[in-house]
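Single-letter residue listing:
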Amino acid sequence: MEKNINKCYKNLPDFYGEAEKYLVFIKKIKHKEAIAYMRSNFNKNILNSYCEVGELNPECLKISGAKSNMVKFSMDSLLKNMIRHPDINFSDYEKIYNIILKPDAIKFSKNKKNCVLLFKKYNKTYQAVVKTTINKSENFLTSFRLAEH
């Protein structure tokens, strides 16, 4: 039986660089098909690897009921994000820490399961979505993109 080992990357540059290597295999496939291909062909340990990208804003922490303030970004979500939002580059991803800790605006999904954080910087408005797991033990960045105006 394969042991489930989810690698924790120590820094965003290494995590992003590794994602770029995997993206080479799926870049020429259409968006929806690329994500399905990735999820059916890549090792689950790769997709479940993650990088800790920051600490959740206290207001989001309180409303979500999360037991931890740490936010993780899985390889699966990063690759999905890179496929769906090719306009976002590494310099944008470097802003995630500040966005989740000190957003300019906070919104919540109707069911309070997702915390939507908005952050405006250099004439761009970013939207980061953080979801807390059902057992409240972990928080994951599930989407990061430029917000629609």
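Note that the coordinates shown come from a computational prediction; the quantities given were computed from them, not determined experimentally. (Residues numbered from 1 in each chain as written. Predicted model: local features only at pLDDT ≥ 70, side-chain atom pairs only at ≥ 80, totals over all residues. Heavy atoms only, no water.)

To continue, consider the overall build of the protein. For the protein, the count of helices and strands is seven helices and seven strands. What you see in the protein, going N to C, is helices and strands ordered as β-α-α-α-β-α-β-α-α-α-β-β-β-β. Computed over the C-alpha atoms, the radius of gyration of the protein is 15 Å, within 12% of the 15 Å expected from 2.2 N^0.38 for a compact globule of 149 residues. In the protein, which comprises 149 residues, the proportion classed as buried is 44%. The contacts in the protein between residues at least 6 apart in sequence include a share of 57% that link residues at least 24 apart. Accessible area of the protein: about 9,000 Å², with a carbon and sulfur share of 51%. When the 27 positive and 15 negative side-chain charges of the protein are each reduced to one mean point, those points stand 6 Å apart. (Helix = DSSP H or I, 4+ residues; strand = E, 2+ residues; numbered from the N terminus. Rg over C-alpha atoms; globule rule 2.2 N^0.38 Å. Buried < 20%, exposed > 50% of the residue type's maximum accessible area, 1.4 Å probe, protein only. Contact = heavy atoms within 4.5 Å. Areas by Shrake-Rupley, 256 points an atom, 1.4 Å probe, with all protein chains shown as cover. Lys, Arg positive; Asp, Glu negative; His and termini not counted. Charge placed at Lys NZ, Arg CZ, Asp CG, Glu CD.)

Our focus in this paragraph is the nonpolar core. Ranked by internal contacts, the top residues of the largest apolar core, which has 37 residues, are L79, Y93 and F144. Apart from the residues within four sequence positions on either side, F144 is in contact with N81, H85, I88, D92, Y93, I96, I99, Y126, Q127 and A128. (Core = buried A, V, L, I, M, F, W, Y, C linked by side-chain atoms within 4.5 Å.)

What follows concerns the pairing of strand β6 (residues 124-132). Within β6, seven of the nine residues are buried, which leaves it mostly tucked inside the rest of the structure. Here eight bridges tie strand β5 (residues 114-121) to β6, and the two strands are oriented antiparallel to one another. If you follow N114 over to β6, its bridge partner there is K131. The hairpin formed by β5 and β6 contains two residues between the paired strands, and Y122 there has a positive phi angle of roughly 50°. Of the pairings in the sheet, the one linking β6 to strand β7 (residues 139-146) comprises seven bridges and is antiparallel in character. Looking at the pairing, Q127 lines up with R145 of β7. The loop that links β6 with its antiparallel partner β7 comprises six residues; one of these, K136, has a positive phi angle of about 70°. (Pairing = 2+ DSSP bridges.)

Before going further, it helps to examine the state of the cysteines. Note on terminology: a disulfide is the covalent bond linking the sulfur atoms of two cysteines. With the rule as written, the count across this model stands at one disulfide. Disulfide pairing is shown between C60 and C115; the S-S distance is 2.1 Å. Here C60 is found in helix α4 (residues 58-64), whereas its partner C115 is found in strand β5, with 55 residues between them in sequence. For the pair shown, C60 and C115 are each scored as buried. (Disulfide = S-S within 2.5 Å.)

As a further point, take the packing of aromatic side chains. Across all of its chains, the model carries eight aromatic pairs by this definition. Considering the side-chain rings of Y16 and F90, the 5.1 Å spacing of their centres and the 55° angle between planes classify their relative orientation as tilted. Of this pair, Y16 sits in helix α1 (residues 12-26) while F90 sits in helix α6 (residues 90-93); the two residues are 74 residues apart in sequence, bridging distant segments of the chain. Taking the centre distance of 5.5 Å and the plane angle of 50° together, the rings of Y16 and Y93 count as tilted. (Phe/Tyr/Trp six-rings, centres within 6.5 Å; stacked < 30°, edge-to-face > 60°.)

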